[in-house]
Amino acid sequence: MASKEPEADDPLELTGVVLAVQDETSLKDMAACFVEEFLRDGWSDEQLRAMFRNPRYRGPYLVWRQKGEAYIEEVIQEVRRHHA
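Student: Requested: an account of helix H3 (residues 58-67), with residues and values cited.
Tutor: When we look at burial in H3, the residues that qualify are Gly59, Pro60 and Val63. Along H3, the residues classed as buried sweep out an arc of 100° about the axis, all on the same side. Summarising the geometry of H3, the exposed residues directed more than 90 degrees from the buried face are Arg58 and Arg65. Close packing links the buried residues of H3 with helix H1 (24-40), helix H2 (45-53) and helix H4 (69-82). In the segment just after H3, Gly68 is the residue with positive phi, at about 90°.

As C-alpha cells, then:
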C-alpha cells in the first residue's frame, strides 16, 4: 500500500487531545457526553459501565477512576431519563 504524509487539513487523520478537567461540572458534562454518544449507538447500561472501567477509553476511565461506580451509574441513568 502506498503511503504519503497526510495533509494538515485531512479530516481522517487521527489526532489526540489532552483533556483538562478542572471542576465537577466539566467532569459530569464529559461523562454525560460519552454516555449520550454511545446510547445513540444502542449500547446497553452494562456496555456503558464496562467502557468507563476500560483504560483504553481514556476520558471515561478518568471519570470512573476519580468518581467511582455509583457516580457513573447516576450519570448513565440521568442521561437515559433525558433521552427516553
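Student: Report on the side chain of Arg49, specifying residues and quantitative values.
Tutor: By secondary structure assignment, the location of Arg49 is in helix H2. Polar side-chain contacts of Arg49 include one of 2.5 Å to the side chain of Glu73.

Student: So what about the packing of aromatic side chains? Which residues, and what values?
Tutor: The full count for this structure, using the stated rule, is 4 aromatic pairs. Ring geometry for Phe38 and Tyr57: centres 6.2 Å apart, planes at 90°, overall edge-to-face. You can see Phe38 sitting in helix H1 and its partner Tyr57 sitting in the loop between H2 and H3, a full 19 residues away along the chain. Judged by its relative accessible area of 30%, Tyr57 is partly exposed. Between Trp43 and Tyr57, the ring centres sit 6.4 Å apart and the planes meet at 90°, which makes this aromatic pair edge-to-face. Of the two residues, Trp43 sits in the loop between H1 and H2 while Tyr57 sits in the loop between H2 and H3, which places them 14 residues apart along the sequence. One aromatic cluster is present, formed by Phe38, Trp43 and Tyr57 through successive ring pairs. Positioned above the aromatic ring of Tyr71, the side-chain terminus of Lys67 is 5.2 Å from the ring centre.

Cut-offs and rules
- Once a new chain begins, its residue numbering starts again from 1 and follows that chain's sequence as written.
- The model is predicted, so local features are restricted to residues of pLDDT at least 70 and side-chain atom pairs to those at 80 or more, both for listing and for counting; the totals for chains, interfaces and linings are taken over all residues.
- Each side-chain value is derived from all of the structure's non-hydrogen atoms; neither hydrogens nor water enter the calculation.
- Note on classification: 1.4 Å probe, protein chains only; a residue is buried when its accessible area is under 20% of the maximum for its type, exposed when over 50%, partly exposed between these limits.
- Strands here are runs of E lasting at least two residues and helices are runs of H or I lasting at least four, both read from the DSSP assignment and numbered beginning at the N terminus.
- Directions drawn from the helix axis to the C-beta atoms are what define this arc.
- Contacts: residue pairs with any heavy atoms within 4.5 Å of one another.
- Whenever a nitrogen or oxygen atom comes within 3.5 Å of another N or O atom, the pair is scored as a polar contact, on the condition that within protein one atom can donate a hydrogen and the other can accept it, and that pairs from neighbouring residues in sequence are kept only if both atoms are in side chains.
- For this analysis, a ring pair means two rings from Phe, Tyr or Trp (six-membered ring only for Trp) whose centres lie within 6.5 Å, classed as stacked if their planes differ by under 30 degrees, edge-to-face if by over 60, and tilted for the remaining angles.
- Our definition puts a charge over a ring when NZ of Lys or CZ of Arg is within 6 Å of the ring centre and also within 35 degrees of the ring normal.

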